[in-house]
Every structure is written in C-alpha cells, then in structure tokens.
Amino acid sequence: MRKINLALGERSYPIYLEDGGLNRLGYYLQQLPLEKKALLITDSNVYPLYGEKVAAVMRQAGFQVAVARVPAGEQAKTLEQAARLYDLAFDAGLDRSCPVVALGGGVVGDLAGFVAATYMRGVPFIQVPTTLLAQVDSSVGGKVAVNHPRGKNIIGAFYQPRLVLIDVATLQTLPARQLKAGLAEVIKYGVIWDGEFFQWLENNGVRLLAQDRDALQYVIETCCRIKAAVVEQDETEQGRRAILNYGHTVGHAVEALTGYDAFLHGEAVAIGMVIAARMAVQQGLLGYREYHRIKQLIALAELPAELPADLAHRDILQSIYHDKKVKGDQLVFILPQQIGRVGIYRDIDEKSVMRALKE
Ligand SMILES: NC(=O)c1ccc[n+]([C@@H]2O[C@H](COP(=O)([O-])OP(=O)(O)OC[C@H]3O[C@@H](n4cnc5c(N)ncnc54)[C@H](O)[C@@H]3O)[C@@H](O)[C@H]2O)c1
Ligand SMILES: O=C(O)C(=O)C[C@@H](O)[C@H](O)[C@H](O)COP(=O)(O)O
Ligand SMILES: [Zn+2]
C-alpha cells in the first residue's frame, strides 16, 4: 500500500493506493470519527461489479449501508439526481456525522461530492474511484459539481474528501475507451508539470494501454502526487490551480456543445490540449517540435486531436465565455511554454482563438 497525505493547513486527508484495497475500506473508515450510517452512491455499471462487495465490507465494519444507484455517464451529473439522493440520505437517516461514499468514476464522484457538500450543509465524503480518470484526477482535490444545461460543472463547490481509496484492481473491468479517456488527464500532468514524466509516457504509453499493473500504479501515484502538490498551493483556484484546467477551456465547450454525449470528458480535453498547444505555437510561446510531441502522445493514447467538422467555431467561442476561469470579458487559456510548464494567459483575443481552432 502507498499513502499520500494531502495537507491543507490543519485539514489533511490520506490518499491510499492499494491493489485490492476495496477489501480494506471498512478498516480505513473505522479510522475516521464517523457515525455508522452511510449512503453508498454508485452507478448502474459499477454496482453489479463492486457495489454489493463494497457494501458488505462496510457492513462488516459496523456500518448500516444504504446503496444508491445513478444512471451511468455524464447525464447523471444533474440537480435532479442530487435531489433524489438527498431523499435517499434522509430515508437512510444520515445525520451530519454520517458519510457519503462515492464508488465509481468522476461522474459519481462529482455528483456524490456535491450531495455530501450540501446535504445538511456538509457531511463526511469518501472517494473510492474506479476509473483511471477518477483515480488520477477527480477523486483528489475537492472539486465537486453538477452540470447546468448552459455549462459544465456550473453548480458546485470545493469540498475535500476525508479519505481517498484507490484500488488499481478495479481498472481490470474498465472498458478500453474509458481507460484511454483517463490517459488525457495523465498526459495533461506531463505537459503542465513534469517533462520527465511526459517523456516516460512517450516511452511507456503502450504499457498503459495494455493495462500493465506496475505501469498503472506508477502513473496513478505520480499523478496523485502532482495534483496534491498543486491543490496544496491553491485549494480554491485563486491562481495557480488553474493550470490543472489545461485543455479544458475548449474541452468543456466541446462537451457542452455536443450534449455531453458524443465525447467522453478525457476525449474532449485531448482535443482542447492540442488546440491550446497550437495556440501556444501561434503566440510564439511553444516550439513546433514540442507541439508535435504533444500531438503524437495524444495519438499514441488513441485519443482524438481535432474538433469534429460539424462543430461551428463561433459556437465554441461563445461557449468559452461561460468558462469559470473567465473574468469580465477576458478569455483565459492555459498555454504550454515548454513540455513540463504552462502559463495562465488572460489576454487572449477572439482572433487568436479562431485561428487556433482551425487545424
Ligand atoms: N472533480 C474533478 O477534479 C474532476 C477531474 C476530472 C474530471 N472530472 C469529471 O469526471 C467526469 C468523467 O469521469 P470518468 O471519466 O470517470 O467518467 P464516468 O464517471 O462516466 O465513468 C466512465 C464509465 O465507466 C463506467 N465505470 C466506472 N468504473 C468502472 C469500472 N471499474 N469497470 C467498468 N466500468 C466502470 C461508468 O459506469 C461509466 O459508464 C466528468 O464529469 C468530468 O467533468 C472531475
Ligand atoms: O482539479 C482541478 O482544478 C481541475 O481543473 C481538474 C480537471 O481535470 C477537471 O475536469 C475539473 O473538473 C475542471 O474544473 P472546472 O473548474 O473547469 O469545472
Ligand atoms: Zn478534467
């Protein structure tokens, strides 16, 4: 078992990385000051795989467990689903010391986290991520949210979990497309933070596609350490944390404009990362060779790199104005300066955006 401690002043929480760790969730929960009633939130795909096993482990640890299933996929990240989960929390008799446990990918984690943050103004929240994307990104750092028809993650909070338990064994059942989508956020860390990690990915990416356990463990731990370091510097994204949004300015627009359906989050972010890198070249910030390396690694991960032809660039531009990084009428982009370092640019004009959207 590997452990990372994410420290935010007096508040800190453990991130456990343990192959087969689902079996020890009860033990980890017993280390926390929790009342013994819990709401376990999962989705329709994850429940048959792990739901009852995790509920049994929690019951062996003395918890009364109510299990809630939401539909699988992005469409579940809504206020309507949150309202249904509040009812279930009431029915289960949860008080303010009773945990909400998220068992699933980033959608379950964001939705369950939003419910935990707002039910009775906040109850303990436990993250048990089961996709690569959730294990390397969404389960760490406290961003929780639901979508609004007019934008991604528009209704949410910063709400840290008490505990994150990452069991790489759960990735064995993850569909290949979902694994690849998680690689987008993995590649992101190489571009924004660690050029040597990026180079490791260039040399070992195929091992990840083949679900090489050691490679996955190394990547998950590396990404969690990077995310923890960034969140510790700027928990509520007043500045530096925005670098974790690299690729998301256009990525979120692609998701919203295609109905949160045609592209998985990681796929949309991959497109956004290439466009931001192209913009960096056009702005004279990044060399063409580095841009090409980013495009090549995204291709190695079998991720999309360009916008769908039927997506109007004007619509993307309009959607970007809803981005949460926007201040006033300033468009904000996270642009690579080299592989391993990005800058936050608040002075990007519409003409530059339209130029970068073109291949
Ligand atoms: N809060 C954050 O910091 C943060 C970071 C990145 C992404 N996100 C959000 O995360 C979401 C994307 O998360 P995701 O990519 O995990 O998608 P997801 O939660 O939709 O899961 C992907 C699919 O895989 C299934 N699944 C999950 N675990 C499985 C397993 N072990 N075996 C088989 N099937 C499994 C799910 O049922 C779903 O159908 C987006 O909404 C994005 O906005 C949030
Ligand atoms: O944790 C962060 O900060 C991130 O930006 C991580 C992103 O990968 C993630 O998709 C996040 O939900 C996007 O943040 P948002 O504030 O643009 O919704
Ligand atoms: Zn993301």
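Remember, predicted model here, so these are calculated numbers, not experimental data.

### Overview of the pairing of strand S5 (residues 100–104)
Turning to step 1, where the next piece is worked out: Here S5 lies mainly inside the structure; five of its five residues are buried.
Turning to step 2, where the next piece is worked out: Going residue by residue along S5, you find Val100, Ala102 and Gly104 tucked away on one face and Val101 and Leu103 tucked away on the opposite face as well.
Turning to step 3, where the next piece is worked out: Taken together, the three bridges between strand S3 (residues 37–43) and S5 define a ladder with parallel strand orientation. When the bridges of S5 are listed, Ile41 appears paired with Ala102.
Turning to step 4, where the next piece is worked out: In terms of strand pairing, S5 meets strand S6 (residues 125–129) through five bridges, oriented parallel.

### A closer look at the sheet that holds strand S2 (residues 11–17)
Turning to step 1, where the next piece is worked out: The mixed open sheet is built from seven strands, whose spatial order is S1-S2-S9-S6-S5-S3-S4. Of all the strands in the sheet, the pair left with one neighbour each is strand S1 (2–8) and strand S4 (64–70). Shown here is a sheet whose adjacent strand axes are inclined to one another by a mean of 15°, direction ignored.
Turning to step 2, where the next piece is worked out: Helix H2 (residues 46–60) rests against S3, S4 and S5 of the sheet, and its axis sits at about 165° to S3.
Turning to step 3, where the next piece is worked out: Sitting on the sheet, helix H8 (residues 213–233) is in contact with S1, S2 and strand S9 (163–166), with an inclination near 10° to S1.

### Focus on the packing of aromatic side chains
Turning to step 1, where the next piece is worked out: Applying the stated criterion across every chain, the model contains six aromatic pairs.
Turning to step 2, where the next piece is worked out: The interplanar angle of 55° and the centroid separation of 4.7 Å between the aromatic rings of Trp200 and Tyr218 together place this pair among those described as tilted. With a gap of 18 residues between them, Trp200 in helix H7 (residues 195–209) and Tyr218 in helix H8 connect regions that are remote in the sequence.
Turning to step 3, where the next piece is worked out: Since its relative accessible area comes to 36%, Tyr218 is described here as partly exposed.
Turning to step 4, where the next piece is worked out: Following the ring pairs from residue to residue traces out a cluster consisting of Tyr16, Tyr27 and Tyr28.
Turning to step 5, where the next piece is worked out: Here the basic side chain of Arg69 rests over the ring of Tyr47, its NZ or CZ set 3.9 Å away from the ring centre.

About the criteria used
- Residues numbered from 1 in each chain as written.
- Chains lettered and ligands numbered in written order.
- Predicted model: local features only at pLDDT ≥ 70, side-chain atom pairs only at ≥ 80, totals over all residues.
- Heavy atoms only, no water.
- Buried < 20%, exposed > 50% of the residue type's maximum accessible area, 1.4 Å probe, protein only.
- Helix = DSSP H or I, 4+ residues; strand = E, 2+ residues; numbered from the N terminus.
- Pairing = 2+ DSSP bridges.
- Axes fitted to C-alpha atoms, helices over the stretch in contact; angles between N-to-C directions.
- Contact = heavy atoms within 4.5 Å.
- Phe/Tyr/Trp six-rings, centres within 6.5 Å; stacked < 30°, edge-to-face > 60°.
- Lys NZ or Arg CZ within 6 Å of the ring centre and 35° of its normal.

In short, the description is geometric, and any link to function would need to be established separately.
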